[in-house]
Amino acid sequence: MNRTESIGKNIQAKLKKTFGKTVKNASLDQIYKAVGLCVRDEIMEKWATGSAALESSGSKKLYYISAEFLMGRALGNNMINLCEYEEYKKALLEMGIDLGEIEEQESDAGLGNGGLGRLAACFLESLATLGLPAMGCGIRYEYGLFRQRILEGEQVEVPDNWIEKGYVWEIERPEERFEVHFNGEIEEIWTENGLKINHKNYHTVYAVPYDMPIIGYKSESPATLRLWSARAVNRLDLDFFNRGDYVHAMEERELAEVISKVLYPENNHEQGKQLRLKQFYFLASATVQSMIKYHKEHFGDLHTLPDKVAVQINDTHPTLAIPELMRILMDEEGFTWDEAFDIARRTFNYTNHTIMAEALETWSSGMLRELLPRIYKIIEAINEKFCADMWKVYPGDFEKISGMSIIAYNEIRMANLCIAVCGKVNGVSQLHADILKNKTFRDFYVAMPDKFLGITNGITQRRWLAVANPRLCALLKETIGDGFLKDWREFEKLEEYLDDSAFLDKFARVKRENKDSFASYIKRMQGTVIDPESVIDAQAKRLHEYKRQLLKVVHILHLYDRIMRGEDIGDRKYTFVFAAKAAPGYAKAKNIIRLINAVSELIEKEPRAKEKIQVVFLENYSVTAAEWLIPSADISEQLSTAGREASGTGNMKFMLNGAVTIGTMDGANVEIFERVGSPNIYIFGARVEDINYMEACRGYKPGEYYERDERLRRALSMLIDGTLPAPERQFSDIYHSLLFATHEPADRYYVLHDFDSYDRTFKDMIKDYENRREWNKKALVNTARAGFFSSDRTIEEYNGLIWKLR
């Protein structure tokens, strides 16, 4: 029996044994689950063997703690990493089933908001591919971020119950649950053995782990993703139930289990803030307890913890793991303060993802003291020690030490806590690291320069090429072999084909076929019809003012104005695709979505404009939607204000798939520019030093740009003069925010400043696009030099510089 026949028999057996169905009477969902269980069986064998080998070797292990893991669909990725995609495809085809239809049955595991969660997912897959011992730790949110609907041009949030139909990839581990304690009082008792801490009258929630194996490419050692689910200690109060008081009977369950109910509950009210703080401590406490239990079982002495464990804190959400480890070591294991602090210092490391000081995570001292009284006491003590240490570095400088302190002005600063304790602090691009050292955390860097470093983000080529773009992946395999899927350096072999006309024609054909596929996808999903012959110009990222979707919209209004005044904008048609979710409480971002859709509607009603440009808003942007959009794009819009984006990874995904970037010198754009060279990327706008100068001297006056640039005046006037199909004054707040200072500076993200530079660069780019051969070479240069931005390279750097795993 060959492999294809064996797979077919396994799938049919799973259908019978699991669902009591045959191929003929099973639903597509049941067939998907049967296929998934067969794939999972193969992974589980490797997982069990790999786990046993890790335990016997005594190797050091990484715990990667993140509030987000934006995993996407697993079936196709797992098949590719097992090198069995084609075998499963053939086996299903012989049963009359299309694998593509089966893949569509899987829900996106959307446990993230964007780049942070997608980075964590890429890292786990790369860790597994490289065979490094690792466990990712997060929360098993019952509901992901939200499903986005666009109704009458506005974003509407719909619950995303991604596990509603079950999830074949996870394994519940109820026997490994831990207690997490909230509230209560702390009693300090002095004994002959020292201080004894008694935490009493607390509220308990169980943390139950669900484990998911993460298989790497051609790897025998899967990583583990452990997601914690909150459970009530008493899930049903039978006394209340028997009295007919069913609401109170379930009350404890509902209050406890809301902790893992929703990713990022809205925090513009006190209850939402408390719930987020509970979530982050729940994640931290469960993970640290699990880590300590494993270490004691396998190594015994907790003094050796830093030799056997490295913990990476992905942004500040899991920061409470630091005082939680110290709490357990001191209160439960009898360690002294100095011993506990030393172990924490040598165990934890922190990845910063935030440049803007106002976005750094803080908590109310009062709220944290009430919810986590012992943790608050430990943070207080860490702060006292840290401020004393900084006093030696900056003697007498109260203002500087106040800015660096962990607790100040009735708030707790989580980034400062990370920097005070963690062994290493890294930025996620070289520019980002420089900004952290020279601006955001300058005083820390001067005091502790060896802590800070930059490690540029990356993406996994298995997900973002093999899964997302099978046509291009097949062409590359045919041309340079399949080594690039395991070794990122192999992409450079493509440079030998930059002057190969036959290869460039095949490369262009792949792009055209991908456009057809995207056109079919968007029509199927939301009824939107696009022209696959058009230039696809995409801006896909979380909706935030600093990412400057607004700059793109203003420029489209300028193009519309040119068309309506009879100007020639070229022979090509342009399809401008926006894909973005706005946070539910972020009113201005949601109004920008409304503006994008109003501009789309305006253009659709004008035949002259419609011939040349189209604006499309791709609903419910997700990993799966990105896998359709990114391979089809000709142009990648990376427009963030210089010095505001830490790195970005969408820029890398578009680059890998042969899109050419138009962008600012911000985040990883800088390194893309350094890799591909100026002919193969279009850079515009103010640099970081320009922005810093304008902010220092308060010399930026957007009104002056408005007054002297007729293009801007004509475009911006459309926001308020009734041109756009929207209620009166719908966009007046956007107009006024660009021109007039209120509670914040006018045009704080320099949209008007960079407009002229963007317009001139865009014209150069579309002129270059007309030379199709040269454009295809630019696109190929981007793909050929994208290997550096593999998350495999990123993980190699983390391991060499920080973790030291075998």
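A brief look at the structure comes next.

The rules behind the values
Along each chain, residue indices are assigned from 1 in the same order as the chain's sequence is written. Per-residue local features are limited, in this predicted model, to residues with pLDDT of at least 70; the limit for side-chain atom pairs, both in listing and counting, is 80 or more; totals at the level of whole chains, interfaces and linings are taken over all residues. Side-chain measures were taken over the full set of non-hydrogen atoms in the model, leaving aside hydrogen atoms and water. Residue burial is assigned from relative accessible area. The probe radius is 1.4 Å, only protein chains are included, and a residue is buried under 20% of its type maximum, exposed over 50%, and partly exposed in between. Where helices and strands are cited, they refer to DSSP runs of H or I of at least four residues and of E of at least two residues respectively, numbered from the N terminus. Whether two strands pair comes down to DSSP finding at least two bridges between them. Clockwise travel from the first strand over the helix to the second, with the strands pointing away from the viewer, marks a crossover as right-handed. Axes, fitted as lines to C-alpha atoms, cover a helix only where it is in contact. Angles between the N-to-C directions of the axes lie from 0 to 180 degrees. Note that the term roughly parallel is reserved for angles under 35 degrees, roughly antiparallel for angles over 145, roughly perpendicular for angles of 65 to 115, and oblique for everything else. Every residue pair with non-hydrogen atoms within 4.5 Å of one another is taken to be in contact. Amino acids outside the nonpolar list (Ala, Val, Leu, Ile, Met, Phe, Trp, Tyr, Cys, Pro) and the charged list (Asp, Glu, Lys, Arg) are all regarded as polar, and Gly is one of them. Residues form patches when they are more than 30% accessible in relative terms and have no salt bridge. Like charges link within 9 Å. Nonpolar side chains (Val, Leu, Ile, Met, Phe, Trp, Tyr) link within 5 Å. Per-residue accessibility takes into account occlusion by the displayed protein chains alone, with areas from the Shrake-Rupley method and a 1.4 Å probe. Basic side-chain nitrogens of Lys or Arg form a salt bridge, by our definition, when they fall within 4 Å of a carboxyl oxygen of Asp or Glu. The definition of a polar contact used here is a pair of N or O atoms within 3.5 Å, where within protein one atom must be able to donate a hydrogen and the other to accept one, and adjacent residues in sequence count solely through side-chain atom pairs.

1. A word on the pairing of strand β20 (residues 535-540)
Part 1: Extensive coverage of β20 is indicated by the burial of six of its six residues.
Part 2: Burial of β20 is two-sided: the residues Val535, Asp537 and Gln539 facing one way and the residues Ile536, Ala538 and Ala540 facing the other way are all buried.
Part 3: Sheet analysis places β20 next to strand β21 (residues 574-579), joined by six bridges and oriented parallel. Considered in β21, the bridge of glutamine 539 is made with phenylalanine 578.
Part 4: In the classification by handedness, the crossover that spans β20, the intervening helix α23 (residues 549-564) and the parallel β21 is right-handed.
Part 5: The pairing of β20 with strand β23 (residues 635-638) spans two bridges and is classified as parallel. Along β23, the bridge assignment pairs alanine 538 with serine 636.

2. Re the packing of helix α22 (residues 501-526) against helix α34 (residues 772-784)
Part 1: It is at 10 Å that the axes of α22 and α34 come closest, and there the two elements cross at 80°. Considering the angle they form, α22 stands roughly perpendicular to α34. Mapping the contact onto sequence places Ser501, Phe503, Leu504, Phe507 and Ala508 in α22 and Arg773, Asn776, Lys777, Ala779, Leu780 and Thr783 in α34.
Part 2: In the contact of α22 with α34, the residues fall into six nonpolar, three polar and two charged.

3. Section: the sheet that holds β23
Part 1: Read across the sheet, six strands follow the order β22-β21-β20-β23-β24-β25 without closing on themselves; strand pairing throughout is parallel. Only two strands of the sheet have a single partner each, and these edge strands are β22 (613-617) and β25 (682-683).
Part 2: Against the sheet, α23 touches β20, β21, β22 and β23, its axis set at about 155° to β21.

4. A word on unusual backbone geometry
Part 1: Not every positive phi belongs to a glycine, and asparagine 183 is a case in point at roughly 60°.
Part 2: In this fold, asparagine 183 is placed in the loop between β8 (178-182) and β9 (185-191).
Part 3: Phi angles above zero are rare outside glycine, and aspartate 747 is one such case at about 45°.
Part 4: Of note, aspartate 747 is situated in the loop between α32 (732-739) and α33 (751-769).
Part 5: Residue class for aspartate 747 comes out buried when judged on its relative accessible area of 3%.

5. Regarding the pairing of β22
Part 1: The buried count for β22 comes to five of five residues, which makes it a mostly enclosed element.
Part 2: Side chains Ile613, Val615 and Phe617 project from β22 onto one buried face, and the interleaved Gln614 and Val616 project onto a second face that is buried too.
Part 3: Taken together, the five bridges between β21 and β22 define a ladder with parallel strand orientation. Paired with threonine 575 across the two strands is glutamine 614, which belongs to β22.

6. Topic: a nonpolar patch on the surface
Part 1: Together, Leu151, Val156 and Val158 give the surface a local cluster of nonpolar side chains, amounting to about 190 Å² of exposed area.
Part 2: Tracing the backbone through its elements, the reader meets leucine 151 in strand β5 (residues 147-151).

7. Let's talk about the sheet that holds strand β17 (residues 411-413)
Part 1: With respect to topology, three strands assemble into an open sheet ordered β15-β17-β16, the strand pairing being antiparallel. In this open sheet, the two edge strands, each paired with only one partner strand, are β15 (362-364) and β16 (407-408).
Part 2: In this structure, β16 lies alongside β17, joined through two bridges in antiparallel fashion. Following the sheet pairing, isoleucine 407 is matched in β17 by isoleucine 412.
Part 3: Relative to the sheet, helix α17 (residues 414-421) contacts β15 and β17, its axis offset from that of β17 by approximately 45°.

8. A few points about the side chain of threonine 347
Part 1: Within the fold, threonine 347 resides in helix α13 (residues 337-347).
Part 2: The exposure class assigned to threonine 347 is buried, which follows from its relative accessible area of 0%.
Part 3: Of note is the side chain of threonine 347, whose polar atom sits 2.6 Å from the backbone oxygen of isoleucine 343.
Part 4: Residue contacts for threonine 347: discarding those within four places in its chain leaves Leu305, Pro306, Val309, Ala310 and Val311.

9. With respect to the environment of alanine 67
Part 1: The topology assignment puts alanine 67 in the loop between β1 (61-65) and β2 (69-70).
Part 2: Given a relative accessible area of 1%, alanine 67 falls into the buried group.
Part 3: Beyond its immediate chain neighbours, meaning those up to four positions away, alanine 67 contacts Leu111, Tyr141, Leu263, Tyr264, Phe280, Leu283 and His317.

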